[in-house]
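Topology and contacts: notes
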Amino acid sequence: MICLDNFSTGMRRNIVHLKRVDRFNVVAHDIVHPLDLEVDEIYNLACPASPPHYQADPIHTTKTCVLGSLNLLELAARTGARILQASTSEVYGDPNVHPQVESYWGNVNSFGPRSCYDEGKRCAETLFFDFHNTHGVEIKIIRIFNTYGPRMRPDDGRVVSNFIVQALTGQDITIYGDGSQTRSFCFVDDLIGGMVRMMASPSSLTGPVNLGNPSEFTIRELAEQVIGLTGSRSQIIHRALPVDDPRQRRPDISLAMQELDWRPKIDLSSGLRQTIDYFDGLLARPARELEAV
Ligand code: UDP
């Protein structure tokens, strides 16, 4: 197993325990540059997924999605490897169809602050299908909806980690807009189960297949759950809603249930409990240890 990362947002601390495993190797590399390895399965999860992180260097985000996918697809074509693409619910943009089904083409702005990620991931799907149709590469595309869990960065910037860190440290909880926008949150273990099933599925299943938890919450409800579970005295405050922030999001997972016999098992409150425990432990460490990631 080769773990390839440019460590732009990934933390080395998250893989330290795996270094003891004999067949686990770490290679520091950025997939925007070509690479040559002997592999039989490729999971392409490269790209920051948090809006503040992917917007920090938008050109590099597009390069990661497009050039990165191109480089990995060329590797797959050469080695005959099966390749899975971590696509995203962002391909649906601010959706006019609810819940989102795979056949919906989406409502995406091509030049807004989210476009580097949304259009980058859309173009990656195009490349995957063109390599499949032109070179017979075995492709697997999953569209991941909001996912959270232990090992996220405290400064990730996405809503679940922001609210938990704010609640645990007694800071104000920042709801963007009025908090009526919705998301559906999937615990990381559930997602990984679906990803592995997708990789192992028959060659004829290319996807795209939605993977996510279909239980939908408003952002205000999420804030209230986090406050309740942490027993925090943090106050809710409101900040401006980011440009092009999707109003609602919920996956239709009928295809994943039918083709992969997969559905999430971990509900929001038990997933949040595990994530709160992780951040509680992390934040208790000395600051110098947190910086050394
Ligand atoms: N959000 C929020 N407070 C935060 C971070 C995010 O209210 O501190 C909102 C954000 O505006 C969006 C939702 O939570 O409506 C989910 O945001 P996130 O960045 O986690 O992921 P997205 O689904 O937007 O990519």
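In what follows, the structure referred to is the one given above.
Residues numbered from 1 in each chain as written. Predicted model: local features only at pLDDT ≥ 70, side-chain atom pairs only at ≥ 80, totals over all residues. Heavy atoms only, no water.

**Things to note about the packing of helix 4 (residues 159-169) against helix 6 (residues 219-230)**
- Look at helix 4 against helix 6: their axes get within 10 Å of each other, and the N-to-C directions meet at 40 degrees. Crossing hand, helix 4 versus helix 6: right-handed. Together, Val159, Val160, Phe163, Ile164, Ala167 and Leu168 of helix 4 and Ile219, Leu222, Ala223, Val226 and Thr230 of helix 6 make up the contact between the two elements. (Axes fitted to C-alpha atoms, helices over the stretch in contact; angles between N-to-C directions. Helix = DSSP H or I, 4+ residues; strand = E, 2+ residues; numbered from the N terminus. Left-handed = near helix turned anticlockwise from the far one by under 90°. Contact = heavy atoms within 4.5 Å.)

**Examining helix 3 (residues 115-135)**
- The terminal C-alpha atoms of helix 3, which comprises 21 residues, lie 28 Å apart, in line with the 30 Å expected from a rise of 1.5 Å per residue.
- On its buried face, helix 3 sits against helix 1 (51-56), helix 2 (58-79), strand 4 (82-88) and strand 5 (139-144). (Expected span 1.5 Å × (residues − 1).)

**Focus on the site of the ligand**
- Neighbouring residues of the ligand: 18 residues in total, closest Thr174, Tyr176, Arg183, Asp245 and Arg249.
- Between the ligand and Glu90, the relevant distance is 3.4 Å, taken from an oxygen atom to a side-chain nitrogen or oxygen of the residue.
- One nitrogen or oxygen atom from the side chain of Asp245 is found 2.5 Å from an oxygen atom belonging to the ligand.
- Here the ligand has 520 Å² of accessible area as a free molecule, and 96% of this is covered by the chains.
- Every element with two or more residues in the shell around the ligand is listed here: helix 4 and strand 7 (173-176). (Near = heavy atom within 4 Å. Polar contact = N/O pair within 3.5 Å; in protein donor to acceptor, adjacent residues only side chain to side chain. Areas by Shrake-Rupley, 256 points an atom, 1.4 Å probe, with all protein chains shown as cover.)

**As for the packing of aromatic side chains**
- Inspection of every chain in the model, using the stated rule, returns five aromatic pairs.
- Ring centres 6.1 Å apart and planes at 40 degrees place the aromatic pair Tyr92 and Phe145 in the tilted group. With Tyr92 in the loop between strand 4 and helix 3 and Phe145 in the loop between strand 5 and strand 6 (147-148), this pair connects stretches of sequence that are 53 residues apart.
- Residue class for Tyr92 comes out buried when judged on its relative accessible area of 1%.
- Residue Phe145 is classed as buried on the basis of its relative accessible area of 2%.
- When the centroid spacing of 4.8 Å and the interplanar angle of 65 degrees are considered together, the rings of Tyr278 and Phe279 count as edge-to-face. Each member of the pair, Tyr278 as well as Phe279, is classed as buried.
- Following the ring pairs from residue to residue traces out a cluster consisting of Tyr92, Tyr104 and Phe145.
- Over the ring of Phe7 we find Arg12, and its NZ or CZ is 4.0 Å from the ring centre. (Phe/Tyr/Trp six-rings, centres within 6.5 Å; stacked < 30°, edge-to-face > 60°. Buried < 20%, exposed > 50% of the residue type's maximum accessible area, 1.4 Å probe, protein only. Lys NZ or Arg CZ within 6 Å of the ring centre and 35° of its normal.)

**Some details on the side chain of Ser234**
- When you line up the elements, Ser234 lands in the loop between helix 6 and strand 12 (236-239).
- Within the structure, Ser234 has its side chain in polar contact with the backbone oxygen of Gln166 (distance 3.3 Å).
- Here the side chain of Ser234 touches Ser232 through a polar contact of 2.9 Å, side chain to side chain.
- If we skip the residues at most four places from it in the chain, Ser234 touches Gln166, Ala167, Gly170, Gln171, Ile173 and Ile227.

**Re the nonpolar core**
- The biggest cluster of nonpolar side chains holds 25 residues, and the ones touching the most others in it are Tyr148, Phe163, Leu222 and Leu272.
- Only helix 4, strand 7, helix 6 and helix 8 (268-283) provide two or more residues apiece to this core.
- Looking at this core, the element that brings in the most residues is helix 8, giving six residues.
- Not counting residues within four places of it along the chain, the set of residues in contact with Leu222 comprises Val159, Val160, Phe163, Phe185, Leu268 and Leu272.
- Of all hydrophobic cores here, the second largest spans 16 residues; its members include Met195, Met198, Val209 and Ala256. (Core = buried A, V, L, I, M, F, W, Y, C linked by side-chain atoms within 4.5 Å.)

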